[in-house]
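Each chain, written out:
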Amino acid sequence: MGSGQQKHIESDRMLKAITDQSSEGITVADTEGNYVFVNPAFCKMSGYSKDELLGMTVFDIKAPEQDHRSFERTKTTEEGLTVEVLLQRKDGSTYHSEVIGKNIDIDGKALVLGIVRDISQEVKTGQKIRTLSQAVEQSPVSVMIIATNGSIKYVNQAFETTSGYPLSEVEGKKFFSLMPDHAKKDTYAALFEALEKEHSWEGEVQIRKKNGETFWEYGHISPVKDEYGKVIHYLAVKEDISTRKAQEEKIFHQAHFDSLTDLPNRLLSLDRLTHIIGEAQRQNNKVALLFVDLDDFKKVNDSLGHDMGDEVLMVAAERLSEVLRTGDTVGRLGGDEFILILGGLDDEKSAQKTAERILEQFRSSFDIEGRKLMLTASIGIALFPHDGATPTDLLRNADSAMYHAKSLGRNAYSFYTEEMNQQVARRLQLEEQIHGALDRNEFSLAYQPQVDVQTDKIIGAEALLRWNNQTLGQVPPDEFIPIAEETGLIIPIGQFVLHQALSQASKWQKQYQADFRMAVNLSPRQFRDPDLISQVERIIQDHQVARHTLEFEITEGVLMNNQQFVKDALRALNHLDVRISMDDFGTGYSSLSYLRNYPFDMLKVDRSFVNDLVEDQADKELINAAISMAHSLNLKVVAEGVENQEQYKLLKDLNCDYAQGYLFGRPMAPDIFARHLESTLED
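Now for a description of the structure that goes with this document. (Residues numbered from 1 in each chain as written. Predicted model: local features only at pLDDT ≥ 70, side-chain atom pairs only at ≥ 80, totals over all residues. Heavy atoms only, no water.)

### Section: unusual backbone geometry
Formally: By the criteria applied, helices consist of DSSP H or I runs no shorter than four residues and strands consist of E runs no shorter than two, each listed in order from the N terminus. Classification of residues uses two cut-offs on accessible area relative to the type maximum, computed with a 1.4 Å probe and protein chains only: under 20% is buried, over 50% is exposed, and between them is partly exposed.
In this chain, F384 is followed by P385 through a cis amide linkage whose omega measures 10°. Note that P385 resides in the loop between β16 (377-384) and α14 (391-407). Unlike most non-glycine residues, D296 shows phi in positive territory, near 60°. With respect to the helices and strands, D296 occurs in the loop between β11 (286-294) and α11 (297-304). By relative accessible area, D296 is classed as partly exposed at 35%. Of note in this structure, N634 is not a glycine but carries a positive phi near 60°. Relative to the assigned elements, N634 resides in the loop between α23 (617-632) and β25 (636-639). Look at N634 and you get exposed, because its relative accessible area is 71%.

This is the structure in structure tokens:
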């Protein structure tokens, strides 16, 4: 055998080895499509044996839905192009293949060579990639691919819509450049640390929009690794939570801030107080808690309405805020109660100065809806650690101090003492016991005589309320009357007093003297009762007393705010022909104008002027002036607190009309008063 022939045999052997061991299918068909050669890889791919395939055509293994143009194209100028063809295996399943057709000539015979590759997995992968790409693009959450150096490689449509940045404007930029300046490395230290260590991270991030606004996202950032475990980029999936954050902030604000004044509420105020106490313990300094209560605020609500009251509270909140130092807190506990928290104090002087500034803030009128309202404040001060070690203790003791400030006459401040705490405990007892006192028949009236100074005869009495409680014993009027006023119980108690007093007056008028007068006190709260006039008229009718023998005593406090309902009530009482007396004359600021503007019949000179009448020339001149002025206005004068003959003689010399005091008798029970009245009439 020649060397040429030997080489040809070796070449055929090599070609057979190549075709047999090729991973791609190799076929040869004639121009009609009949297979004349197939390699093992194609047999395995199609599921047919070599003998079976050599009896078949290229058209037999195509899927029914696949057209036949691909084979025809190999006979044209398009030969050598890659064509994707759907083929069918022997078991009926189909698969995607990639076929390259080539016209060849073997021994003068035209044939078609086909190189076939199964691309089913690639097609599936491509479909998955397309599906994933579509899902990412259409996802409602933001998706971002970040390079290992922190630069942005891709963002989806959701991110573009939310942020306003198209991919072209952020591609290549550092991811952290999208964060606001105030939310950089210190804020997201955990995020930076996780990425440096190639760990996953999730949490809330703040992103700056293209227009400069910021929004919140909840993000999950994970490293993506190649087949060798090397991080090739990071995948960030982020959801816009701005609405949720806004709702959370709104809920937090509603839970911690007062809805009217926007000041910290009780919960947040006490939480801040806890933190400031903790800081004071570490720094070894003091904390002051100021409890502020607006004096007579209830009158504003009751007389002018809650809308006006709300306006007053908002102005008060602004004024309190103006006295604060940096780091201090002013909060609203509720109603007209506020607290101020002052931290980092060396002594109580700063607290005292702050209290004085608060009182100064309230010296100017509240100009609201064209009205000028004067409102003062009472302030209680408790210091940490001397007056309490906990927020609860400090609050309770500052509250006690505030009530002590009110007892000083209001418009004042007071530091806490244990005595104040006892006073508050007493007040709580009084509030508890006064409810139901009427039903338990614990109230009664005592009567103090009033005499005609010129005739020395008893002409009437003042009815004075007394309360004897089984738990507290005899309670002084100056203790329980203010509580009855504040709780509104003064309304039914006042009706009880008027019934009892006029019932007694009716008896004494019939038994002793027809013109016997009965003086009854009317409180400020009773003037706000719309049924006052009808009740007075009905009770007068029930007891059949002469109207002019009934005298109502009112204090200047009723008149201070110049309210229309007070004017209307006084005019209505005047039309009923009852007498009206100004009580405690001389202790207020504007009594003279009140006497001119309201229908008074009488004034009562306060006992404080009568006490030193004999020794103090100034008091004598003041009483003389008051009597002269009253007589010039056709008013009668009653002097209170007359205790000795020297005072009584001077009052007689000054032409005072009536007198009342211990000289003529202390307040008495009805039966004792009756005997006293009889004895004076006999004399």
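Let us keep going from here.
### Observations concerning the layout of surface pockets
The line we're drawing: Whether a set of points on the 1 Å grid over the protein atoms alone is a cavity depends on a 1.4 Å probe fitting there but being unable to get out, while an open set qualifies as a pocket with protein on both sides within 12 Å along at least five of seven lines; lining residues are those with an atom within 4 Å of a point. Grid points are joined across faces, edges and corners, and a volume is the space filled by probe spheres set on the points.
Put simply, the second largest pocket is a space of about 270 Å³. What lines the second largest pocket is a set of 15 residues, among which L15, K16, T19, D20 and F37 lie closest to the centre. Mapped onto the lining of the second largest pocket, the elements with two or more residues apiece are α1 (3-21), β1 (25-30), β2 (35-38) and α2 (40-46). Per-element accounting of the lining of the second largest pocket gives the leading share, six residues, to α1.

### Notes on empty space enclosed by the protein
Space left empty within the atom packing is revealed by a probe, the size of a water molecule, rolled over the atoms. For the record, the criterion: Amino acids outside the nonpolar list (Ala, Val, Leu, Ile, Met, Phe, Trp, Tyr, Cys, Pro) and the charged list (Asp, Glu, Lys, Arg) are all regarded as polar, and Gly is one of them.
Tallied over the full model, the rule gives three cavities of 30 Å³ or more. Approximately 110 Å³ is the volume found for the second largest cavity. G494, Q495, L498, Q526 and L532 are, among the 15 residues lining the second largest cavity, the residues nearest its centre. The element that contributes the greatest number of residues to the lining of the second largest cavity is helix α17 (residues 490-511), accounting for five residues. Grouping the amino acids of the lining of the second largest cavity by side-chain chemistry returns nine nonpolar, five polar and one charged.

### Side note on the packing of helix α10 (residues 266-283) against α14
To keep things clear, this is the line we draw: Axis angles are defined between N-to-C directions and span 0 to 180 degrees, where every axis is a line fitted to C-alpha atoms and, for a helix, only to the segment in contact. Our angle categories are set so that under 35 degrees counts as roughly parallel, over 145 as roughly antiparallel, 65 to 115 as roughly perpendicular, and the remainder as oblique. The crossing is said to be left-handed when, going from far helix to near helix, the turn is anticlockwise and less than a right angle, and right-handed when the turn is clockwise. The contact definition used throughout considers only heavy atoms, calling two residues in contact when any of these lie within 4.5 Å.
Relative orientation of the contacting elements α10 and α14 amounts to 115°, with a least axis distance of 10 Å. Taken as axis vectors, α10 and α14 run roughly perpendicular relative to one another. Judged by the sense of rotation from one axis to the other, the crossing of α10 with α14 is right-handed. Together, R266, L270, L273, T274 and I277 of α10 and P391, L394 and L395 of α14 make up the contact between the two elements. Considering only residue class, the contact of α10 with α14 consists of six nonpolar, one polar and one charged.

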